[in-house]
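If you want the building blocks of each chain, they are given just below.
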Amino acid sequence: MCGIVGAVASRDVTATLIDGLKRLEYRGYDSAGLAVVAENNELDLRRSVGRVASLESICGGISGQIGVAHTRWATHGRPAEHNAHPHTSSSQVAVVHNGIIENHNELRLVQKERGFVFSSETDTEVIVHQIDWHMQQGQDLFNAVRTTVSELHGAYGLGVVSKHEPGVLVAARSGSPLLVGLGDGENFIASDMSALIPVSQKYMVMEDGDIAKITSTSIEIFDFQGSPVERAVLISTLSDEETDLGGFAHYMKKEIHEQTRAITETLEGRLGADSVLDLPFGENAREIFDKTKELKIIACGTSYNAACVARYWFEEFGIKCDVEIASEYRYRKHVVNEGTLFATISQSGETLDTMAALEMAKTLGYINTLCICNVPESSLVRASDLTIFTHAGREIGVASTKAFTTQLVTLLMLAICLRRRRLGDGRSADVMEAEIVQELRSLPQQIENALDLEDDIIAMSKHFADKNHTLFLGRGAHYPIAVEGALKLKEISYIHAEAYAAGELKHGPLALIDEDMPVVAVAPNDELQEKLKSNLEEVRARGGKLYVFADANSDLESDESTLVLKVAPVNNYIAPVIYTIPLQLLSYHVALLKGTDIDKPRNLAKSVTVE
Ligand code: M6R
């Protein structure tokens, strides 16, 4: 992960670097640093553990017209000042790096023999010593970086400056996102455009194998062999509006409450009078959907949970659907049946495991690739044949909320499009489709109803704040909703939470039940509710404490061992979206009571661009 910003200008760039880092903190926030080439042509390096604000507090008096900066999510070496980036070599060269260098041990041995002294435990430090070495052998900065990257194995986005060439910023990319921002008489690099909102709207996306030589007035991009390459200049649509907290205490709370609007926008333009439209999935979506017999979906974390919910929809509609975690998918052999569409789901569009899975899938004979994503300018979108955006708006809280529910809605729309092909010509909707479409239209209001449960959930959260473990139960499509609820709770409250398909309880986890293990259950009014009730009895009979989100029409009632919170009746297909909301609110309020860092929980980052 990690965030990179670099700038070269004819003004002091320190404030731009710090501001850019603040905007990239979602990529990692255990330490931060920057290096500028100061007026005396010496490198001025500042690094600190913790947030960018703590770096800012030690940057007084620093000034330079070129520099690189970094916010870190530790991979090699614990979060510590000496492991923070930039790394320097003999105070000659400074490097910021996102990614992992796999042959760092081999390089380190050679460099030690050459007399380089290591001051960190990072894999990155070998990069800066290697560049320094090649400059000592007579190469200029650009060529020293080019030679160095040919010696690296692994993934990297790099920003490099040297005191010997104070007007040149060099950037290189292989496997970790990096782009070049174009300014007026100044230029920039960044992991993504959000870092550059105040200074640049125009940008070029560096591709794997690109190396850029950037001055305040010129940008030249080459491949690693040194041949010039052309990259299109794009216009970013990002703005600062979405980063306003709008009176909420945390982005997570704001984003939970934004789900009404987010889902309204995700549905906009995608529904006909009584059907789901094919075209929003892409120009050639119709032809691709006509050929689709099966679906393979790959994702990570919350996005994976969305896929697991959707599998119930696809298979109910007669479309075989296989779902797998990206980091597992990429390291095994595959049998691809004819007519299988490969789909990825990602909020950020930058998750490295998902990207790598997509690249691998392209070699395996799938009919096409489809991406469900929230970030238009992302790597996954660029690499996919078809894309449909979840119009959730920017999600800043590390714990994914509105991205998840908009993914669900998008997946249900996809399932309906494919269902039509099962029915006949694939073009005309039937009564059932018309009914689901009406339910989709009613979702925003139903989400409002679910959000109205917040006061009751605040009261419920007091029962969790002093607990160390929690179980979440669900059945059918609500089993992955329980999994998502458990993920949210552990992520932001640090309470250990596990989810089980309720029917699995008796095969082991029942042994854990006691009064210190709250059990959360998701109980919509579906055909599995009676089965679920039996499972809840198993918990009750063993002295367990139950917290049940149940359909208002069900006969589940509170008693001394059970607290039932009634959810307004909802159609089975959209119930998973609605039942997600109280689980999100529960996690938020438990974390609030525990006083954790809700938007930036420990050890995590918003965008996971390492393996
Ligand atoms: O950006 P992506 O959807 O690809 O991210 C995948 C996971 O890293 C992400 O969903 C993660 O699990 C969230 N922090 C969960 O809240």
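Rules used in this analysis
Residues numbered from 1 in each chain as written. Predicted model: local features only at pLDDT ≥ 70, side-chain atom pairs only at ≥ 80, totals over all residues. Heavy atoms only, no water. Helix = DSSP H or I, 4+ residues; strand = E, 2+ residues; numbered from the N terminus. Rg over C-alpha atoms; globule rule 2.2 N^0.38 Å. Buried < 20%, exposed > 50% of the residue type's maximum accessible area, 1.4 Å probe, protein only. Contact = heavy atoms within 4.5 Å. Areas by Shrake-Rupley, 256 points an atom, 1.4 Å probe, with all protein chains shown as cover. Lys, Arg positive; Asp, Glu negative; His and termini not counted. Charge placed at Lys NZ, Arg CZ, Asp CG, Glu CD. Near = heavy atom within 4 Å. Polar contact = N/O pair within 3.5 Å; in protein donor to acceptor, adjacent residues only side chain to side chain. Nonpolar A, V, L, I, M, F, W, Y, C, P; charged D, E, K, R; others polar. Phe/Tyr/Trp six-rings, centres within 6.5 Å; stacked < 30°, edge-to-face > 60°. Salt bridge = Lys/Arg side-chain N within 4 Å of Asp/Glu carboxyl O. Pairing = 2+ DSSP bridges. Right-handed = clockwise from strand over helix to strand, strands pointing away. Axes fitted to C-alpha atoms, helices over the stretch in contact; angles between N-to-C directions. Parallel < 35°, antiparallel > 145°, perpendicular 65-115°, else oblique. Left-handed = near helix turned anticlockwise from the far one by under 90°. Core = buried A, V, L, I, M, F, W, Y, C linked by side-chain atoms within 4.5 Å.

(A) Molecular detail of the overall build of the chain. Helices and strands together make up the secondary structure of the chain, namely 18 helices and 24 strands. A compact globule built from 611 residues should have a C-alpha radius of gyration of about 25 Å, and the chain, at 26 Å, falls within 12% of that. C-alpha extents for the chain along the principal axes are approximately 80 × 55 × 45 Å. Taking all 611 residues of the chain together, 61% fall into the buried category. A fraction of 72% describes how many contacts in the chain between residues 6 or more apart in sequence connect residues 24 or more apart. Just so you have it, the chain exposes about 22,600 Å², and 48% of that area is on carbon and sulfur atoms. The averaged location of the 85 negative side-chain charges in the chain is 2 Å from the averaged location of its 57 positive side-chain charges.

(B) Expanded view of the site of the ligand. Around the ligand, the surrounding shell holds 15 residues, and the nearest of these are Ser303, Ser346, Ser348, Thr351 and Glu491. For the ligand, an oxygen atom lies 2.7 Å from a polar atom in the backbone of Gln347. Within the side chain of Thr351, one N or O atom sits 2.4 Å away from an oxygen atom of the ligand. Protein chains shield 91% of the accessible area of the ligand, which is 410 Å² for the free molecule. Breaking the shell around the ligand down by element, the ones donating at least two residues are helix H9 (301–316) and helix H16 (478–493). Considering only residue class, the shell around the ligand consists of five nonpolar, eight polar and two charged.

(C) The packing of aromatic side chains, seen in detail. Throughout the structure, instances matching the rule amount to seven aromatic pairs. A centroid spacing of 5.3 Å and a plane angle of 70° characterise the contact between Phe281 and Phe289, whose relative ring orientation is edge-to-face. Residue Phe281 is classed as buried on the basis of its relative accessible area of 1%. Residue classification places Phe289 among the buried residues on the basis of a relative accessible area of 0%.

(D) Region of interest: the pattern of salt bridges. In total, this model carries 36 salt bridges according to the counting rule given. Here Lys600 and Glu25 are joined by a salt bridge, their closest N and O atoms 3.7 Å apart. One end of the pair, Lys600, is in the segment after helix H18 (575–594); the other, Glu25, is in the loop between helix H1 (14–24) and strand E2 (31–37), and 575 residues separate them in sequence. Neither Lys600 nor Glu25 differs from the other in exposure class; each is buried. The closest approach of N and O atoms between Asp208 and Arg173, which form a salt bridge, is 2.9 Å. A residue pair is termed long-range when its members are at least 10 positions apart, and Asp208 in the loop between strand E11 (202–205) and strand E12 (210–214) and Arg173 in strand E8 (residues 169–174) qualify at 35 residues. In this structure Arg173 comes out as buried when scored by relative accessible area, which is 8%.

(E) Just the pairing of strand E22 (residues 519–523), in detail. Burial within E22 is extensive, with five of its five residues counted as buried. Burial of the side chains of E22 extends over both faces: Val519, Ala521 and Ala523 are buried on one face and Val520 and Val522 on the other. As defined by bridge partners, strand E20 (residues 469–474) adjoins E22 across three bridges and the pair is classed as parallel. Following the sheet pairing, Phe472 is matched in E22 by Val520. The pairing of E22 with strand E23 (residues 546–551) spans five bridges and is parallel. By the bridge assignment for E23, Val519 is matched with Leu546. One crossover worth recording links E22 to the parallel E23 by way of helix H17 (residues 529–540), and it is right-handed.

(F) Seen up close, the packing of helix H7 (residues 259–267) against helix H13 (residues 402–423). Where H7 contacts H13, the axes come no closer than 9 Å and their chain directions differ by 30°. Judged by the inter-axis angle, H7 sits roughly parallel to H13. In the crossing of H7 with H13, the sense of the turn from one axis to the other is right-handed. Residues Gln259, Arg261, Ala262, Ile263, Thr266 and Leu267 of H7 form the contact with H13, whose own contacting residues are Lys402, Thr405, Thr406, Val409, Thr410 and Met413. Across the contact of H7 with H13, the residue classes tally to five nonpolar, five polar and two charged.

(G) How the structure looks around the environment of Asp210. Relative to the helices and strands, Asp210 is located in strand E12. Classification of Asp210 as buried rests on a relative accessible area of 1%. Of note is the side chain of Asp210, whose polar atom sits 2.7 Å from the side chain of Arg231.

(H) Examining the nonpolar core more closely. By size, the foremost hydrophobic cluster in this structure holds 85 residues, and its most contacted members are Ile297, Phe314 and Leu440. Leaving out residues up to four positions away in the same chain, Ile297 has contacts with Ala307, Phe314, Cys321, Asp322, Val323, Glu324, Ala343, Ile345 and Leu411. Ile101, Phe142, Ile211 and Phe222 belong to the second largest nonpolar core, which has 26 residues in total.

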